[in-house]
Amino acid sequence: MEHDKNYFKVYRQGKDLEDQFYLDEDFNVPDMKRDVQRIILSEGKVQIEDMKRVENYIRVSGTVLFKVLYVTDEGETKITSLDGKIPFEEMVYTDEEPLENIFAKYVDVELTVNVIHSRKLNVKVVVDMKISSDGQTEAEVLTDLSDSVSLYKRYEEYPVLRLCTIKKDTYRIKEEISISGTKETVGALLWSEVINRKLDTRIGTDEIILHGELLFFGFYESVDGKVDWIEQTIPYQGRINCYGVQDSMYHQIYPELRDISIDVRMDEDGEMRVLGVEATLEMRVIIYEEEKMRVLDDMYSLEKICVLNRTEKDFEKLLMQNHSKCKVVERLSLPEIKDNILQICHSSARIQMENISIAENGLLVEGILHVNFMYVKPDDVIPFDVWQGMIPFSYLLESNETNENMTYDLSGTVEQLSIGLLGSDEIEVKAVLAIRSFLKSPVEVLDITNISYEEMDVKEKENVPGIIGYIVKDGDELWDLAKKYNTTIESIMEVNNLEHRELKKGQKMLIFKEN
């Protein structure tokens, strides 16, 4: 007996673990920094350094990096900045053994900084994160069988995803920004923000192709002590080697912009009017190939009884890979800063997905858009301030193939954001959210793992009528009738002059037993 089998890799993802933890630390202002009078803006980011399984927990260790833009409280009132970091170690409980690769699927940080006194700040941090794990297993299924015994076989095709690779890689971005002649020359960079936007990835032959842009905002003091700002988009494109992949494959991607560095450089005239921007785009990529898996589904013999042992094996098929856009438009009344907004310098936002549920025609995504903007106000001393707020949103990711058993992976970024002044106390927020989605559904295959034969009972076989009149019932198939009455599909079709294999309820047929 010879077996033909199909061997391939299958992607496995472990259980998602959601965790929230708090940090509350006092931070002493460094000696080289000036006294703090009032905080204008603060920002925090989590940098995870290690994740390990420790008994029934996953230990997540890392650092919260934060920076503060503030008004000084000594001598001449100015705007300056400082940064700091808070190390943390969080134990996340798990009741399942994680798979080989543990990773952070989502991290969100809410940072609040308050002034205790001019040389001490209180930093409160709320971190929400989703930890997961993944890996791969080797699977095999029986595709065919040959033996000295004459066999009748039925095959089935299943659409499945074959894992090509799980890959971690980096792409280094190095760009320069030239400051226009209408702007002041840079004396000291007070605040900078670099946001990764409009990232588009596609699979090519032996490579992953990247297109995106960085949104850079810089708030600086000129050599004359004046405060100015610059905002500019920086397009980038590149390639990452990934041998063996083809443009027909599908992929999931988890990007993170890290190691951001900004330095001020001289231009051709020797003036500090060039900004060097460097960053590392870290990516976890999972690449699949979609194929139709042909499996030996059933068999029988007219000579012997076939005893089939089966094992249930789990695979997945692709329902949808999509990169969709969600538009958010909201008018807000801001009486607390009425008549104070002269000009908006910079705006930014981040997405917090609160709930994802399976709806009739797709996935319903509900979340919060956290928005902040820096504006110019009529103040001769410190003419800058910041407003922060939240806008709820909901979006239906349309799909006709959603089901209760499917798995989904969604991530969202802010692709475009604009804030317009409508009146003395009204603004209009317009945002375009990019929602990446990857939807899969389980495929269960009853794989034949062992075959044995038993001799037929001769008397029982002789007692089976040679000719049977049969009326087709709901769900009847020619294969099942041929197997049950010890004949072949071809014989039934020939005797009854059938041109195709589809049967209709109530159809009358004659079935002859094969000798």
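Caption draft 1: Quick peek at the layout of surface pockets. Here the second largest pocket defines a volume of roughly 380 Å³. As for the second largest pocket, its lining consists of 17 residues, of which Ile305, Met456, Lys483, Lys484 and Asn486 are closest to the centre. Put simply, the parts of the chain that give the lining of the second largest pocket at least two residues each are β13 (274-300), β14 (304-333), α1 (458-463) and α2 (478-484). In terms of residue count, the dominant contributor to the lining of the second largest pocket is β14 (four residues). For the lining of the second largest pocket, the per-class residue count stands at eight nonpolar, two polar and seven charged.

Caption draft 2: Representation of the nonpolar core in the model. Ranked by internal contacts, the top residues of the largest apolar core, which has 33 residues, are Val328, Leu369, Phe373, Phe393, Ile427, Val429 and Leu433. If you list the elements that add at least two residues to this core, you get β14, β15 (343-359), β16 (362-376), β17 (384-398), β18 (407-421) and β19 (426-455). Every residue in contact with leucine 433, bar those within four places of it in the chain, is listed here: Ser324, Lys325, Cys326, Val328, Ile351, Leu369, Phe393, Thr413 and Val414.

Caption draft 3: Inspection of the pairing of β13 at higher detail. Burial runs high along β13: 21 of the 27 residues are buried. Bridging between strand β8 (residues 152-178) and β13 involves 26 bridges; their strand directions are antiparallel. Paired with glutamate 156 across the bridge in β13 is valine 295. As paired elements, strand β12 (residues 250-265) and β13 share 14 bridges and run antiparallel to each other. Within β13, the residue paired with aspartate 263 across the bridge is glycine 276.

Caption draft 4: The confidence of the model for the chain, seen in detail. Residue-level pLDDT values for the chain average 92, and 100% of them are 70 or greater. Per-element confidence in the chain is highest for strand β2 (residues 17-28), whose mean pLDDT is 96, and lowest for α1, whose mean pLDDT is 75.

Caption draft 5: How the structure looks around the side chain of threonine 185. Its location among the elements puts threonine 185 in the loop between β8 and β9 (186-204). A polar contact is formed between the side chain of threonine 185 and the side chain of arginine 273, at a distance of 2.8 Å. Apart from the residues within four sequence positions on either side, threonine 185 is in contact with Tyr220, Glu221, Ser222, Val223, Glu271, Met272 and Arg273.

Caption draft 6: Structural context of the packing of aromatic side chains. Summed over the entire model, instances satisfying the criterion amount to 16 aromatic pairs. Through pairs of rings, three or more aromatic residues link up here, namely Phe217, Phe219, Trp229 and Phe384. Residue placement shows lysine 183 over the ring face of tryptophan 229; its charged tip is 4.8 Å from the ring centre.

Caption draft 7: Main features of the sheet that holds β9. Taking strand neighbours across the sheet as the criterion, the three strands line up as β9-β10-β11 in an open arrangement whose pairing is antiparallel. Looking along the sheet, the strands with just one partner apiece sit at the ends: β9 and β11 (227-241). Shown here is a sheet whose adjacent strand axes are inclined to one another by a mean of 15°, direction ignored. Of the strand pairs in this sheet, strand β10 (residues 207-222) and β11 are connected by 15 bridges, and their pairing is antiparallel. Within β11, the position partnered with glycine 212 by the bridge is tyrosine 236.

Caption draft 8: How the structure looks around the side chain of glutamate 213. Take glutamate 213: it is sitting in strand β10. Using a relative accessible area of 12% as the deciding quantity, one classes glutamate 213 as buried. At 2.6 Å, the side chain of glutamate 213 and the side chain of arginine 197 are in polar contact. With residues near it in sequence (within four places) discarded, glutamate 213 still touches Ile195, Asn196, Arg197, Lys198, Thr233, Ile234, Pro235 and Tyr236.

Caption draft 9: Summary view of the sheet that holds strand β5 (residues 79-93). One open sheet accounts for three strands, arranged β3-β4-β5; its pairing is antiparallel. Looking along the sheet, the strands with just one partner apiece sit at the ends: β3 (36-54) and β5. Averaged over all neighbouring strand pairs, the angle between strand axes comes to 15°, with direction disregarded. Across 16 bridges, β3 lies against strand β4 (residues 57-72) in antiparallel orientation. Considered in β4, the bridge of lysine 45 is made with leucine 65.

How each quantity is defined
- Residues numbered from 1 in each chain as written.
- Predicted model: local features only at pLDDT ≥ 70, side-chain atom pairs only at ≥ 80, totals over all residues.
- Heavy atoms only, no water.
- 1 Å grid on protein atoms, 1.4 Å probe; cavity = no way out; pocket = protein on both sides within 12 Å on 5 of 7 lines; lining within 4 Å.
- Points joined across faces, edges and corners; volume = space filled by probe spheres on them.
- Helix = DSSP H or I, 4+ residues; strand = E, 2+ residues; numbered from the N terminus.
- Nonpolar A, V, L, I, M, F, W, Y, C, P; charged D, E, K, R; others polar.
- Core = buried A, V, L, I, M, F, W, Y, C linked by side-chain atoms within 4.5 Å.
- Buried < 20%, exposed > 50% of the residue type's maximum accessible area, 1.4 Å probe, protein only.
- Contact = heavy atoms within 4.5 Å.
- Pairing = 2+ DSSP bridges.
- pLDDT = per-residue confidence, 0-100.
- Polar contact = N/O pair within 3.5 Å; in protein donor to acceptor, adjacent residues only side chain to side chain.
- Phe/Tyr/Trp six-rings, centres within 6.5 Å; stacked < 30°, edge-to-face > 60°.
- Lys NZ or Arg CZ within 6 Å of the ring centre and 35° of its normal.
- Axes fitted to C-alpha atoms, helices over the stretch in contact; angles between N-to-C directions.

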